[in-house]
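Residues per chain are reported as follows:
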Amino acid sequence: MELRIDREALVPVVQQIVDALAEWLHRGEMSAGARLPSVRQIARINLLSQSSVVEACERLVAQGVLATRNGTGFFVAVTALAAQGPQDLPWFEGVEEKQSSHVGELKLGCGGLPESWRETDDLSYAIRQVSRTDMAGLFNYSTPLGLPALRQQILKRLKQLNITVDESRILTTAGASHGLDLIVRTLFKTGDCVVVESPGYSMLFDLLRLHGVSMIEVPRTPHGPDTHALEALLLKHKPRGLFINSFYHNPTGSSLAPAVAQHVLQLAKKNGVLVIEDDVYADLHCGSGTRLAALGIDDNVIYVGSYSKTLSSSLRVGFVVAGADVISRLARVKMISSMGASRFSESVLACLLASGAYRKLVQRQRQRLSTDREAALQILEDAEWEVFGKPVGGLFIWARSRNADYAQVRTQARRFGVLLSCATAFSPTGQAHDWQRINVAYACDPRARAFFQATAKAC
Ligand SMILES: Cc1ncc(COP(=O)(O)O)c(C=O)c1O
C-alpha cells in the first residue's frame, strides 16, 4: 500500500496519511469489513513512524471510515464505502462524470492547486482570530454588499490593477461562480445570445445553458479573443453579452494583450454589448497588464474576481465590480436568493488581507508556479508536445501530443495513473479536440513525467 506522502508539502504528514488512506479505500482496493494491512507494515512501506499511522487510522475511525475490534487492528467500516456515492467524490470541472471515481489518480487536467500546495498556518490563525474576537463574524448575516472591511481590502487590490472605483461598486459573492450566476440570471433572459471564448471555461457554458442563454464562440488566441472574428460575430448575431477570461485564461493560460483589450472594448461599446471580465486568476499575476475593467468600469463592463485559486476554494469568497445600477440589481438578487454571502469567510479573508499574510502567500505561489512552469515546458518540449502560446504565469499550459489520437493518449495517461480532462470540456458546442489543459502544479510529478516521456516514444 503505497501512500505517496510528500515530506516537502505544507499539509501535515498525518493529514496526508488520512487523505491517502481514504482515497485508497474509496478506490475499492478493499471490501467493507476487510482488515487493513498492519500499522507496522504501512509504516515500513511508506517510511513513516508507526505513531503517525496510528493517529491517522484513529482519525479515520472517528470519521466512520475505519473501525477497530478489541485491539486486533483496523477494519474497513461496513458503511464507509456504501455511503459514498459519485457526488461525494473529488471532482474538477472539465473531467467526465464517469472519470471522477478514479480518485487516486494524478489530476493533471484539473483547475486548482493541489492540497499539498495549500498553506494552513495563516488561515488557521485567521479562523481562530475571528472565532475568538469577532462574534458578528461568527453568528450574523453579512451586509448586502458584503463586509465593508473586506471590500476596503479588495478596493486596494483593484487600485493596483488600475481599476478605479469606489467601495459601493464592489459586491462580495460566494466565489466567482456565484457572481457569474447572479450576473446571468439578473441581466440576461432565456433566448438571449452571448459571445464566449473557445476554448473556454466549461462551467460558464453549463451556467448559460441552464439559463437558456445561447452561445456563439469566438476563438481564443494567445493574446485574447480573436478581434477580427469578434467584430464579424457582433455584426452578424447582435449578441447582448461577451464573456472574457482576461488573465491566465482557463484553459489556455494565455493573457489579454493591451492592444487586444482596447480593441475588444471599442467593439463592445460600438455594438452595445455588455462585457463580463472574469479575472479569477488575477492574484497569480504580478506586473503590468491591461484589464478591460481598467479601461473603464461602467454599466457596460463587469469585473469578476475570486480567492478560490489562491487562498481556498472552500471558503467560497469572490466579488463583482460594476456600475452602480448593476450592483444594486445584483445585490437585491443576492439577498433574495441567499441572504448574502458568508460573513465568517469574509471576516477570515479580511483578516488575512489586512495582515499582509495573503500578499505573502500569493508571492510564494507565483514563485513556485513559475519554477514548475519552466520545468513543465521543458518536459513538454522534450516529449515534443505542441504548446499554445507559452504562458508566462498562472496555472495552465494548453498543449497537445504529436500523437493526435486522443483516446490513445488518454489510455496511456491512465496507465501512468494520470487523469486528463475530457476532450469536449472546453468547447461551448461540445466539440472534441486533442489539446490538453495541463495544470503546472501537477506536471512535474513523476507520474506526469513518465506519461509525457511515454507519449514521445509512442510517436
Ligand atoms: C475562469 C473561471 N471562472 C470562474 C471560476 C469559479 O471560481 P470560484 O471557485 O471562485 O467559484 C473558475 C474556477 O475554476 C474559473 O476557472
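Report on the accompanying structure. Remember, it's a predicted structure, so these values are computed and weren't measured experimentally.

Some words on the packing of helix H8 (residues 175-187) against helix H9 (residues 202-210)
So, point 1. Where H8 meets H9, the axes come as close as 10 Å, and the angle between the chain directions of the two elements is 30°. The orientation of H8 relative to H9 falls into the category roughly parallel. Helix-helix and strand crossings are classified by hand; for H8 and H9 the assignment is right-handed. Mapping the contact onto sequence places Ser 177, Leu 180, Asp 181 and Val 184 in H8 and Met 203, Leu 204, Leu 207 and Leu 208 in H9.

Quick notes on the site of the ligand
So, point 1. Inspection of the region around the ligand gives 14 residues, with Gly 175, Ala 176, Ser 177, Ser 306 and Ser 308 positioned closest.
So, point 2. Among the elements that make up the shell around the ligand, the one with the highest residue count is H8 (three residues).
So, point 3. Classifying every residue of the shell around the ligand by side-chain character gives three nonpolar, nine polar and two charged.

Observations concerning helix H13 (residues 343-355)
So, point 1. The terminal C-alpha atoms of H13, which comprises 13 residues, lie 18 Å apart, in line with the 18 Å expected from a rise of 1.5 Å per residue.
So, point 2. Buried residues dominate H13, accounting for eleven of its 13 residues.
So, point 3. Buried residues of H13: Arg 343, Phe 344, Ser 345, Glu 346, Ser 347, Val 348, Leu 349, Ala 350, Cys 351, Leu 352 and Leu 353, and no others.
So, point 4. On its buried face, H13 is in contact with helix H5 (121-133), helix H6 (135-139), helix H7 (148-160), strand E3 (170-173) and helix H14 (357-382).
So, point 5. Residue Gly 356 follows H13 closely and has a positive phi angle near 90°.

Here we look at the sheet that holds strand E12 (residues 396-400)
So, point 1. Read across the sheet, three strands follow the order E11-E12-E13 without closing on themselves; strand pairing throughout is antiparallel. At either end of the open sheet lies a strand with only one pairing partner, and these are strand E11 (386-387) and strand E13 (436-439).
So, point 2. The sheet contact formed by E11 and E12 spans two bridges and is antiparallel. Bridge pairing in E12 links Val 387 to Ala 399.

Here's the deal with the environment of Ala 443
So, point 1. Inspection of the secondary structure assignment puts Ala 443 in helix H16 (residues 440-443).
So, point 2. Separated by 146 residues in the primary sequence, Ala 443 and Ile 297 have C-alpha atoms spaced 37 Å apart.
So, point 3. Every residue in contact with Ala 443, bar those within four places of it in the chain, is listed here: Leu 108, Asp 372, Ala 376, Ile 379, Ile 438 and Ala 448.

Calculation notes
- Residues numbered from 1 in each chain as written.
- Predicted model: local features only at pLDDT ≥ 70, side-chain atom pairs only at ≥ 80, totals over all residues.
- Axes fitted to C-alpha atoms, helices over the stretch in contact; angles between N-to-C directions.
- Helix = DSSP H or I, 4+ residues; strand = E, 2+ residues; numbered from the N terminus.
- Parallel < 35°, antiparallel > 145°, perpendicular 65-115°, else oblique.
- Left-handed = near helix turned anticlockwise from the far one by under 90°.
- Contact = placed C-beta atoms within 7 Å.
- Near = placed C-beta within 6 Å.
- Nonpolar A, V, L, I, M, F, W, Y, C, P; charged D, E, K, R; others polar.
- Expected span 1.5 Å × (residues − 1).
- Buried ≥ 20, exposed ≤ 12 C-beta atoms within 10 Å, placed from the backbone.
- Pairing = 2+ DSSP bridges.

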